[in-house]
Every structure is written in structure tokens, then in C-alpha cells.
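Each chain, letter by letter, is given below.
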Number of protein chains: 4
Amino acid sequence: MLTGWNVAILGGDARQIEMIRKLSEWDATLHLVGFDQLDYGFTGANHIDMDDDEVEKFDVVILPVAGTDESGNIDSIFSNQNMVLDEKWVERTKEGCIFLTGIANGYLTKLLETSDRLLIPLLSRDDVAIYNSVPTVEGAIMMVIQNTDFTIHSSRVHVLGLGRVGMSVARAFQGLGAKVFVGVRKPAHYARVQEMGLEPFYLNRLDEVAENTDIMINTIPAPIINASVIRKMPSHTFILDLASKPGGTDFRYAEKRGIKALIAPSLPGIVAPKTAGRILANTVLQILKDQQRKEGKTK
Amino acid sequence: MLTGWNVAILGGDARQIEMIRKLSEWDATLHLVGFDQLDYGFTGANHIDMDDDEVEKFDVVILPVAGTDESGNIDSIFSNQNMVLDEKWVERTKEGCIFLTGIANGYLTKLLETSDRLLIPLLSRDDVAIYNSVPTVEGAIMMVIQNTDFTIHSSRVHVLGLGRVGMSVARAFQGLGAKVFVGVRKPAHYARVQEMGLEPFYLNRLDEVAENTDIMINTIPAPIINASVIRKMPSHTFILDLASKPGGTDFRYAEKRGIKALIAPSLPGIVAPKTAGRILANTVLQILKDQQRKEGKTK
Amino acid sequence: MLTGWNVAILGGDARQIEMIRKLSEWDATLHLVGFDQLDYGFTGANHIDMDDDEVEKFDVVILPVAGTDESGNIDSIFSNQNMVLDEKWVERTKEGCIFLTGIANGYLTKLLETSDRLLIPLLSRDDVAIYNSVPTVEGAIMMVIQNTDFTIHSSRVHVLGLGRVGMSVARAFQGLGAKVFVGVRKPAHYARVQEMGLEPFYLNRLDEVAENTDIMINTIPAPIINASVIRKMPSHTFILDLASKPGGTDFRYAEKRGIKALIAPSLPGIVAPKTAGRILANTVLQILKDQQRKEGKTK
Amino acid sequence: MLTGWNVAILGGDARQIEMIRKLSEWDATLHLVGFDQLDYGFTGANHIDMDDDEVEKFDVVILPVAGTDESGNIDSIFSNQNMVLDEKWVERTKEGCIFLTGIANGYLTKLLETSDRLLIPLLSRDDVAIYNSVPTVEGAIMMVIQNTDFTIHSSRVHVLGLGRVGMSVARAFQGLGAKVFVGVRKPAHYARVQEMGLEPFYLNRLDEVAENTDIMINTIPAPIINASVIRKMPSHTFILDLASKPGGTDFRYAEKRGIKALIAPSLPGIVAPKTAGRILANTVLQILKDQQRKEGKTK
Ligand SMILES: NC(=O)c1ccc[n+]([C@@H]2O[C@H](COP(=O)([O-])OP(=O)(O)OC[C@H]3O[C@@H](n4cnc5c(N)ncnc54)[C@H](OP(=O)(O)O)[C@@H]3O)[C@@H](O)[C@H]2O)c1
Ligand SMILES: NC(=O)c1ccc[n+]([C@@H]2O[C@H](COP(=O)([O-])OP(=O)(O)OC[C@H]3O[C@@H](n4cnc5c(N)ncnc54)[C@H](OP(=O)(O)O)[C@@H]3O)[C@@H](O)[C@H]2O)c1
Ligand SMILES: NC(=O)c1ccc[n+]([C@@H]2O[C@H](COP(=O)([O-])OP(=O)(O)OC[C@H]3O[C@@H](n4cnc5c(N)ncnc54)[C@H](OP(=O)(O)O)[C@@H]3O)[C@@H](O)[C@H]2O)c1
Ligand SMILES: NC(=O)c1ccc[n+]([C@@H]2O[C@H](COP(=O)([O-])OP(=O)(O)OC[C@H]3O[C@@H](n4cnc5c(N)ncnc54)[C@H](OP(=O)(O)O)[C@@H]3O)[C@@H](O)[C@H]2O)c1
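Per chain, residue numbering runs from 1 following the sequence as it is written. Chain letters and ligand numbers both follow the written order, the letters beginning at A and the numbers at 1. Local features in a predicted model are, by the rule used here, given only for residues with pLDDT of at least 70; side-chain atom pairs are given and counted only at 80 or more, and totals for whole chains, interfaces and linings are based on all residues. In computing side-chain properties, one takes all heavy atoms of the structure into account and sets aside hydrogens as well as water.

You'll find chain A entered in an unreviewed UniProt entry as Dipicolinate synthase subunit A, with Thalassobacillus cyri given as the organism.

The following block contains the structure:
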């Protein structure tokens, strides 16, 4: 339970709805900034503006998954308000106030350092990355079905990378009856792929294996599906790039060769905002409980 | 190989493209009727009209998956021609000419009987129904992802029926990490569901189990998801009805209660026309080879 | 609940223990014949002899899984008593008394017909055969591990038959990471194997595929692994025959060629008597409840 | 290929057979020490004694999986010879000679350091540990089937640890239809277990979950299944401890409580020596190829 915690939520998207629901269930005192156009009310949640006096009570500030832009602007799909996170504002919050964001950028990192507040980027946690891999995988499946005229079942699917996302992608496509190949660079990953009942290959052979692929799904944030790989692919191949922008695909060359290739960022928030919101809410809860334990007191 | 067989393809949709490709690969002599707007040519395929003299050579006539309408009209997405299958036309084909369709209706059945030609409805074959269940499942997955804001993974998915489609649906959702429950009426199905590692329940308890569902997928062609079942569902439930029209859901009542419910017919042709076409082509090949063997001769 | 039912259990093995436990849990009035050497007592269970007066109260008689031999002798591993089921004894039971056995033979069938008592062979029910396939599969796995010096994982395992046992065998070996091939004769089975993500083949090609097998598991009660199949196998192949005696393997030829081949009957009772007993108990319960419903009364 | 490499194999067990077979296939020049009672000959393999002059040519020395004892004695199941690895012997080998063992001990480590020879303990490699987890799992399955009277299917199986062995154990028991729970201490492991479709729990709740277990399998080399955990278990629970000796179970207390508990070391060599030998051979090959590449030359 989060009884006694003053938690502010500053802007965001559909994922915030589930966070609000959960935090409110756990009895946090909620302050919503930038939710003026939200249709349904949450009993007990307090709608305020950036310059409200309540700011001084904040124990926790939850930013959107994307954090701020490099000028400190905060986006909300539920408001037209202008919200800016700057030094003055941050310092109005209670001392020891914790700032939670999905991802951090230079601006945020510097700002919170200056103001001596803790900044926790949720998406860089291992557990969050794994939980998020699940809605990412479902987004990937949807996109593959939409963009091919053959079934995933019985297709040859090449997954690049056996990281937190790659392992989940590989397992899900196996569950759908695809012939899954996983490209890795570490012997231990090679072994794990085999144990999973899939076909491992070393990435230095990628252009060779590309000759026999129907679907290639990239999770490696490095330029890996380059021209010499694309050149070898059958013309019906579909490339789906999940790696963070700019992805790992030479999209220009793919287009030239007539190979369909798409980059698909931020799938969790798109295909399953409720699940994605719940993942974040659970993580916030765990972080605050750990914090509470450390401080040896309940609020 | 189908060397020497004169095969006519009368209208259809994207699935016919793959059939043409395959039959041509197997060396059949192909006659295409209603493909005048087809973009890419198939070497060796013969474009003709319904009244062409070649009709007299036809050993096999392949109708669209939907067959004809009740007046004998044949649809083609590749042509604006008017094509009608009537007694006169049928009797111009070679004696012993075989007619293949996806599904048969009263008109077709009567017509072919009168003309003493064999009519084979491909989709009513057990094997074809099972092969087709695979693209059907992938269509179902796509629709579920598109129509929910939570992941399939960890959701409670209730599949109704353990027939040819139901078993495939159940397995695929299991492969994606859902908690799958399967509603059946036969003890042997109950046992099989359990052996598969899923949760069986008897359909006479459907309204009870409906209280704990996130996604309900129906494969039973009978009015099974009725008002008293829908009444019990959580409001976020998504109902996907795969059974042939009119489905097994009380859609009017679902709408009234604000439960999202969709019927999704003909998924294979929509989400994976190439696979669906290949399934039909392989079946045609097998039927003609059996025919050949029975007649004790090659064409 | 079975309150009011007089149920007699006549001999048997470890499976009977679990049946006694369950039936007693369901409040049946239990009469045990041939359990004099049973170590632990069951409160409320009544130990009697074949000639006890109680026989006249019996509503249900449960025979061992193997039934009787062709002279009516009943086996019990918990007794040295001589127990014989004959016409006189059967007719002492209450009119309408139901006899349950695992399997029936000529003697039993005739005897019960003469005495106008219902005989229900439990193992011939579809659901029981499927439930029993699960311990059968685990017995098969144990035997394969014991009899090979390589792992099931990554091995090529050929399963013959996609019946009630075959489907379970195929799925379990797939779950352990084997490359599973399933031999069938029906196109619908061929399609199902493929949908399951396994490799189907037609049994008329068995000698051909035998060249590439590591483990062959037979579930077909017909002479299918004959000399011409065995001749093609690699010398390290292990044949496990699950079909009822005499199995489907030419054991003599296998031995001659030095190929290890074993027949493994009655695995459920051997590897998982508790589970096997529970399966039977559940089925007995269901049968008696159906009976009760039909008769429109509770005992 | 290993053409030109002089490889000596010193003692060992059934796993060495497969290594010899493989290395000889790859054209290494093989010297066998301690295989005098080996039944079948390997063409081209050279049987010698410890004091043979050939020792000076050795590029590679392969010790048994267990290495030596703390006095340098080498075991062989194929010989009664006394074989001792000492400084004098080691220094007779070619300069730069590589020593491969399964596991290292103090004696070996010190000896090879003194003699300035590279010692590579194969089993401590991540990839080898994962490959070996597969036969380990199959051994565990065999032992569970042998030591319970119920099926793995539908049982509640608690796996402790999600390391290299734990993940494989969890997946295999899932594949057999068990309800698998995995005990972990890291949030990322918790998330991965959930993504795999299994039930995670934190190990600090182990005594609580122990109330609902049928089978508990330990992979954690720490005293984790202690008295307070065992106290809570149902009496039919079977504990299988896979962790290296002395395991993580309080065996004394388990026995006192009548809970069956077994420790099962070295399963790969016992249940699948051929696979285990092949894993080692493949790793040796990879190490020697890497070595070759580094030295920039072929032998
Ligand atoms: N599209 C979406 O909706 C979505 C959602 C979640 C995540 N993502 C993105 O997906 C990507 C993967 O995320 P993750 O959590 O799986 O990361 P991760 O756990 O770090 O995995 C990355 C994988 O890439 C491999 N890799 C990295 N650099 C490589 C290189 N130069 N050559 C070969 N392999 C290389 C790593 O292999 P080693 O272990 O050998 O280093 C690892 O297997 C990230 O870019 C992330 O932002 C996208
Ligand atoms: N949407 C699509 O794209 C698509 C694609 C393919 C098929 N379909 C449709 O999906 C449906 C199922 O096809 P299928 O091939 O799976 O058929 P199927 O093999 O005949 O299976 C039908 C299932 O429904 C059960 N059932 C039938 N009537 C019932 C009743 N009154 N009460 C309870 N259970 C009942 C059957 O159980 P028993 O075994 O106990 O009779 C069986 O399990 C059909 O309507 C078919 O046209 C749709
Ligand atoms: N060892 C044990 O502990 C144990 C336990 C349980 C059962 N069993 C035995 O295992 C066997 C299989 O049992 P089940 O319940 O799976 O039976 P089932 O459901 O009848 O399956 C038998 C399979 O064999 C196929 N088949 C039968 N005759 C054939 C033939 N001449 N050629 C090709 N295929 C043929 C059937 O194919 P079609 O569908 O095409 O006819 C079917 O797939 C039985 O003998 C049973 O007694 C043994
Ligand atoms: N019986 C056999 O035939 C056989 C075969 C192979 C291996 N083994 C043995 O099996 C054991 C596991 O091998 P492995 O390769 O899986 O090792 P591993 O990859 O290191 O995994 C060990 C696991 O134990 C956990 N762990 C370690 N200490 C812990 C503690 N104090 N409390 C809670 N968790 C703890 C680790 O969790 P963290 O990640 O949180 O540290 C990790 O998940 C070893 O003892 C190995 O020798 C036996």
C-alpha cells in the first residue's frame, strides 16, 4: 500500500490511465497535472496545474514514458496545457522527491542532478525490459500478420539477438509454429537457442542465412541488416525492425530492392497500453516499497 | 505432375494466384476465365472467355472458394465480366469433368447432379479444414491484438469448441502465454484439453466461467454465447466469433451491454491468401492424383 | 457424492489404493475383497470375503484393471485368497448391479450377459484412453532415457500413429526438444501433425524414413515395424513398442540385426499407479452419477 | 578440421568414447593413454603409456571430466593402469601444450601454473553449462518418474533457481504438462519466468509455497531447502537436488520427516554419455580452432 505518499503524474498517454487506476487502488494521494481532457474521473484524484501549491508536498513525480524533450517540455495526450520541467519547478518539490520516467535524456539527467533529486529511468531496468518485451512481441506478431500474405506458421523466421526482447520474440514465434532461427554472437546464446529447441546461427553468417528467410525480425541496436544481407533475401521477405531508432536496417537499400521493411518503435504503448501501464505501475510500487524499507518507516 | 490435364480456373480472389502458380509449376494446361485485370502474366496460362471453344477440353473446373451465388453467378476480383455457371455451360465440358469449389450451395449441388459431373467442396474435407485452421488462427490473433488494450499473454482466453478450428486456436493462444480454457461437451474432448495442458470446462457451465474471462473465442456454429452468458462477462471482455455466419453470439445483446463482439468470417483468404491458395492447390493436386490412380492411367 | 452406494472392490493392484481413497472420500459404502494384506487401513472400509452376506447389497462391483482370466480368476497383489467370479456369485449381487473392469474378455462378457448385469470396460472409453495416455507417455520417456546413451533433445523421434496415445506421445517428445516425426495414414492426421508443428509422413514411406531415425515409438496395434523397416534403421536406433501385445514390431528380426527393441505394456499402472487409480476413480464417479441421473433418484 | 594436432586423451569414462570418435573424424592425431581395456578399436588411434616418447609431441592433453584427484591421479574406467599427472610429465609435453579438463581443483591449477601450461576447465564455460543442462534435465525427469507414483503432468513442480540449469529444468517440466513454479531472487528472473508462461515466486517465500508442492527440484548450490521449508511440505513431496555436492537440501531432516529426497550428481555422464561426450568434443574443437586463429596459422 502507498498510503501517505503524495504522487504526481505529469502528462503522458493511455498507459497513465492504468497507472492512475493502480496507484489509486494502492491508496496513494494522487495529483494529476495535464489530464484536464480525461473523460472519466478518478475518485480522489486531484487535478491541478503546474504552479499549484501542492507541488511542495510531492514525494514522487511520474513523468511520461518518453520523459521530456531536450527543452524540458512534457507531453500529454489529455491536455493542451504547456508543461515545462525546469530547475525552479523541480526544487519546489519536497526534498528527497523521486522522479520516475520511462527513459532519460541529457536534459533530464542534468536537471535532476543539479537539483539533487533521484531520477529513475524505468525502462532501463532489466525486469521492466523483460515485462515490456511481451507487448512488444504481440505488436510484432500483429505487424507480421498484417504485412505478409502467408502464415507465420511454417515460415522461416530469423530473429536477430537473444537479449531481453529477442528471447521473447523467438519463443512467441516458436509457439505459433514458425521455424525459428536466432542470430547471436556469444557461444552461451548459441547454446541457449539450441536448448530452447530453435536453430542458432552466428551473426557473421547472416548474409548466408538471409537466403532462406521469410521474415527477419531485428532486436539489435546496430546496423546489422545491411545491403549485403538484404541483397541475398528472397523478394517476399518481410523485415521488421524492433531496435530503437534508427533501427538496424538499411531501409533505403531495402526499398530500392523492393523488400518490405518497417521499423516499429514503442509497440507496448500502442498495442497494449493497459498492460504497459500496469507494468510501470507495478514497478513504481516496488521501487517505492524498497524506498520505504530503506528509510525504515512508512509514510 | 499434372501433365496433360486441362484445368480451368473461373474467377476468384488472391488465393487463385497461388493456385495458378502451383498448378502451372505442376505442368497442368491452364485456362483462366475472369482474370483479364490480373497484373502479372503467367507464362503458358491461357486467358479465355466463358464461351470459348476450349471449354470442351476441360478435365477440371476450379470455382472460387465461395462457389457461385444461388443464381450461378461467379465472382472475380480480377474482372468485371459477367460469368454464370449454368447447365448449358457445364455440359459443354468434357464428360467426367470434375468441379472443385470451396463450399457448395443448393444451386451448385443441383446443377452438377443434373449434369452428371462430380462436385467436390474442398473446405468440407477434414484435412483442408485443419490446414485452413492455421491462417484462421492467425487472423484471430491479429484481431484480438487490434481490439484489446491488454496482452494476450497472461489473459484468460476461453475457446469454445475443440473441433478442427478450436484445437488450433487453443494451442496457438497457449503458445502466446495465455491462460487457455476450452469449453467442450464430450468427455473425450475434456480429457484431450487436459492432456494438452489447458483447462477444460463443460459448456453447460459457460455462463459461470464467463465471469472470469478476458477474451472469448467461439468456434461452435450454434447460438452459444447468449444473453445469459454475456450478462456475466466483465465489461472489458472481447468476444471474437469465428463460427460461420451468423456466428454463435447474441451480438445485439453484447452491444447493448457495451461488450465488444466481432464476427470474423473468411480469415484465411484475408490474412494469408498465399498460404490459403497453396492449401487448395495441394488438395487439388492430391485429388487429381487419386483420380488418376483410380482411372489407372495418366492423362 | 456417492452416499448410499454399496461399492465392492475385488482385488487389483496399487491403482486400487487410490480408488479406495477417492471412493471413500466421496462417501461410498466400501466393501473390500482380497485386500487382507493391505498395510494401512481405510477407516470405514469393510474387509470381507467372497462368500460374505454383504454381497447381496452390492450396487457396484469393481474388478481389477485386467478383469478376470478366462476362467474367472481374480488377481490381487494384496491377498493370497482364491477369488473366482462365476454365475452364482454374480447373481447374488443386487439386481441392476453394475460391473466395472479395465478390459473385458470373452469369459467376462458372456458371464455378465447371462446374469443380466451391465459390464463396463473402462479402458475402452475414449476419455479414459486419453487420460491414460499421459502416464503411458511418461513411462515411455523413462524407458527411452534408460535405454539410450544420447538425449531425447535433438534426437529424431518417429512416432507411429496419431490416435489417443500417439498424439500425447508426439506432443511430450516435442516438449522435450526432440525432432518429432509422426507416421499416419489419414490426410486429416497428416494435417493435424503439421498444425502441431511436427513433421508428418505417410506410413507407406516408413521404411524410407527409418533411415533417419534415432528413436521409433509405436502406438499402432498392427505389424508395422517389420523386417524391411528395421533393415533400414541406423544401428543405434531404439524401438519402443507401446501397442498392446504382441506389439507391432518384428522383435526377432530386430534382435538379429542388433537393434534394441522393447515392448512396454501397462505403463500407467507401473510408473504412476496413483494417477492411474485416480483416473479410474474419477471415471467410476462420473458413470455412477450418470446412472443416478438416469434413474432419476439418489441412492 | 584438426589435421596436424597431436591430441592425447588420458583416461576417463564413456564420454571419452564419443570424444575419440569425433576428434578422429576431424583428423586429429590421437594418442590414447589408459584405454587398454577398450573393446572396440579406433582406426588410427595410437595406444600408448604415460612414459611413451610421443608425449613430447602433444599439443593438447584431454583429462577426464573430473580432472585429477588432489594427488594428481587420473581415473579411467578402461584401464587398471596407474596414471599420475605430475610436474615432470607436464613439462615433457610440447611447449604451449593446452590441458583440458571438465573441472579443475587446487592441485591441477597449481601444477599447470608452475609448468606454464594453459589449463581450461570446460564445465565452467557458460555454453558448456547450458549444453550440459539438457542431459541433466533428462536425468532429472527419469529420476522423478522413477521416484513418484503420480505423473509429472498436472503436478505442481517447484524449480529453485533460474540459472543455466534451472531455466532448462523449468522449460522441460512445462513441456511435460506440469504446473511449474520457479523460485528466484532477482526481479529480472521473476519477469523472465512470467514471460515463459510459468509462475515465479521469490525465494524468501519458499517455506510458504512449499505447502503446495508435489515435486521440488533444486539447482541452487546453497542450503535452501532447510528444515523450515521441509516442515511445510505435503508428505508425498519428492525432492530432487541437482546442485553440486553437498546439495542445498537438509537431507537428514527430510529423512526424519519421511520426505523422499535424493541428490543426483553427474547426470549427463550417466544418462547420456554419448551426448555429453559430443558436447565436450565440440567445445574442444571450438577452442582449438580459436587457438589456431589466434596463432594465425594452421598446424
Ligand atoms: N519496438 C519496440 O516497441 C521496442 C520495445 C522494447 C525494446 N525495444 C528496443 O529493442 C532493442 C533490444 O532491446 P533489449 O531489451 O532486448 O536489449 P538487450 O537485452 O540489450 O539485447 C540486445 C541484443 O543485441 C545484441 N547486440 C547488441 N549489439 C550488438 C552488435 N553490435 N552485434 C551483435 N549483437 C549485438 C546483444 O548481444 P550480446 O548479448 O552479445 O551483447 C543482445 O542479444 C533495443 O534497441 C530497445 O530499445 C523496442
Ligand atoms: N472465421 C473463419 O475464417 C473460419 C475459418 C474456418 C472455419 N470457420 C468456421 O468455424 C466453425 C468451426 O469449424 P470446424 O472446422 O472447427 O468445425 P468442427 O470440426 O465441426 O468443430 C465444431 C465444434 O463445435 C462443437 N459443436 C457443434 N455444435 C455444438 C453444439 N450445439 N453445442 C456444443 N458444441 C457444439 C463440436 O463439438 P462436438 O465434437 O461435441 O460435436 C466441435 O467441437 C465453423 O462454423 C466453420 O465454418 C470459420
Ligand atoms: N503400453 C501401454 O502402457 C499402453 C497404454 C495405453 C494404450 N496402449 C496401447 O496402445 C495402442 C494405441 O492405443 P490408442 O488408444 O492410441 O488407440 P487408437 O486411438 O485406436 O489409435 C491407434 C492408431 O493406430 C492407427 N492404426 C491402427 N491400425 C492401423 C494400421 N493397420 N495401419 C496404420 N495405422 C493403424 C490408427 O490410425 P487410424 O486413425 O488411421 O485408424 C490410430 O492412429 C493400443 O494397442 C493400446 O492397447 C498401451
Ligand atoms: N546434477 C547434475 O548432474 C548437474 C549438472 C549440471 C550442473 N549441476 C549443478 O547445478 C547447480 C546449478 O548450475 P548452473 O549451471 O545452473 O549454475 P548457475 O547458472 O550459476 O545458476 C545458479 C542459480 O542459483 C542461484 N543462486 C545461487 N546462490 C543463491 C543463493 N544463495 N540464494 C538464492 N539463489 C542463489 C542463482 O541466482 P542468481 O542469478 O540470483 O545469483 C542462479 O539462478 C550447480 O551446483 C552445478 O554444479 C549439476
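Following the structure, the description resumes.
*Asks:* Break down the pairing of strand β13 (residues 238-241) of chain D for me, with residues and values.
*Replies:* Residue and element names in this part refer to chain D. Burial classification: accessible surface area is computed with a 1.4 Å probe over protein chains only, and a residue below 20% of its type maximum counts as buried, one above 50% as exposed, and the rest as partly exposed. Secondary structure elements are taken from DSSP: a helix is a run of H or I of four residues or more, a strand is a run of E of two residues or more, and numbering for both begins at the N terminus. In β13, alternate side chains face the same way, and those of Phe238 and Leu240 on one face and Ile239 and Asp241 on the other are all buried. Strands are labelled as partners when DSSP assigns at least two bridges between them. Pairing of strand β12 (residues 215-218) with β13 involves four bridges; the strand directions are parallel. Residue pairing for β13: Met216 is matched across the bridge by Ile239. One ladder, built from four bridges, connects β13 with strand β14 (residues 260-263); its direction is parallel. Residue pairing in the sheet places Phe238 in a bridge with Lys260 of β14.

*Asks:* Quick rundown of the interface of chain D and chain A? Include the residues and the values.
*Replies:* With 22 residues of chain D at the contact, the number on the chain A side is 22 residues. Interface area, chain D with chain A, both sides summed: about 1,700 Å², of which 58% is carbon and sulfur. Area buried by chain D at its contact with chain A is led by Arg171, Arg192 and Glu195 of chain D, which between them contribute 32% of it. Definition used for salt bridges: Asp or Glu carboxyl oxygen within 4 Å of a side-chain nitrogen of Lys or Arg. As a salt-bridge pair, Glu195 of chain A and Arg171 of chain D come within 2.8 Å of each other at their nearest N and O atoms. For the side of chain D that touches chain A, the elements supplying multiple residues, two or more each, are α4 (126-147), α5 (164-175) and α6 (187-195) of chain D. Counting residues per element, the side of chain D that touches chain A draws most heavily on α6 of chain D, at seven residues. Under this grouping Gly is polar, as are all residues other than the nonpolar Ala, Val, Leu, Ile, Met, Phe, Trp, Tyr, Cys and Pro and the charged Asp, Glu, Lys and Arg. For the side of chain D that touches chain A, a count of residues per class yields ten nonpolar, five polar and seven charged. By the convention used here, residues are in contact when the closest approach between their heavy atoms is within 4.5 Å. Here's the idea: put two parts together, see how much 1.4 Å probe accessible area each one loses, and the total over both is what we call buried area.

*Asks:* Just give me the short version of the site of ligand 2, but keep the residues and values in it.
*Replies:* Residue and element names in this part refer to chain B. Around ligand 2, a shell composed of 22 residues is seen, among which Val165, Arg185, Lys186, Ala264 and Leu267 lie nearest. A distance of 2.9 Å separates an oxygen atom of ligand 2 from a polar atom in the backbone of Arg164. Using a 1.4 Å probe, accessible areas were evaluated by the Shrake-Rupley method; residue-level cover was limited to the displayed protein chains. Protein chains shield 74% of the accessible area of ligand 2, which is 930 Å² for the free molecule. Elements represented by at least two residues in the shell around ligand 2 include exactly α5 (164-175) and α10 (267-271). Across the shell around ligand 2, the residue classes tally to twelve nonpolar, seven polar and three charged. It suffices for a single heavy atom of a residue to lie within 4 Å of a molecule or strand for the residue to be listed as near it. The definition of a polar contact used here is a pair of N or O atoms within 3.5 Å, where within protein one atom must be able to donate a hydrogen and the other to accept one, and adjacent residues in sequence count solely through side-chain atom pairs.

*Asks:* Can you explain the interface of chain D and chain C? Please cite residues and give values.
*Replies:* With 22 residues of chain D in contact, the opposing surface of chain C contributes 22 residues. Note on chain D versus chain C: buried area summed over both sides is about 1,900 Å², and carbon and sulfur give 65% of it. Taken together, chain D and chain C are joined by zero salt bridges. If you list the elements that add at least two residues to the side of chain D that touches chain C, you get α4, α5 and α11 (273-295) of chain D. Examining the composition of the side of chain D that touches chain C, we find that seven residues originate from one element, α4 of chain D, more than from any other. Partitioned by chemical class, the residues of the side of chain D that touches chain C number twelve nonpolar, seven polar and three charged.

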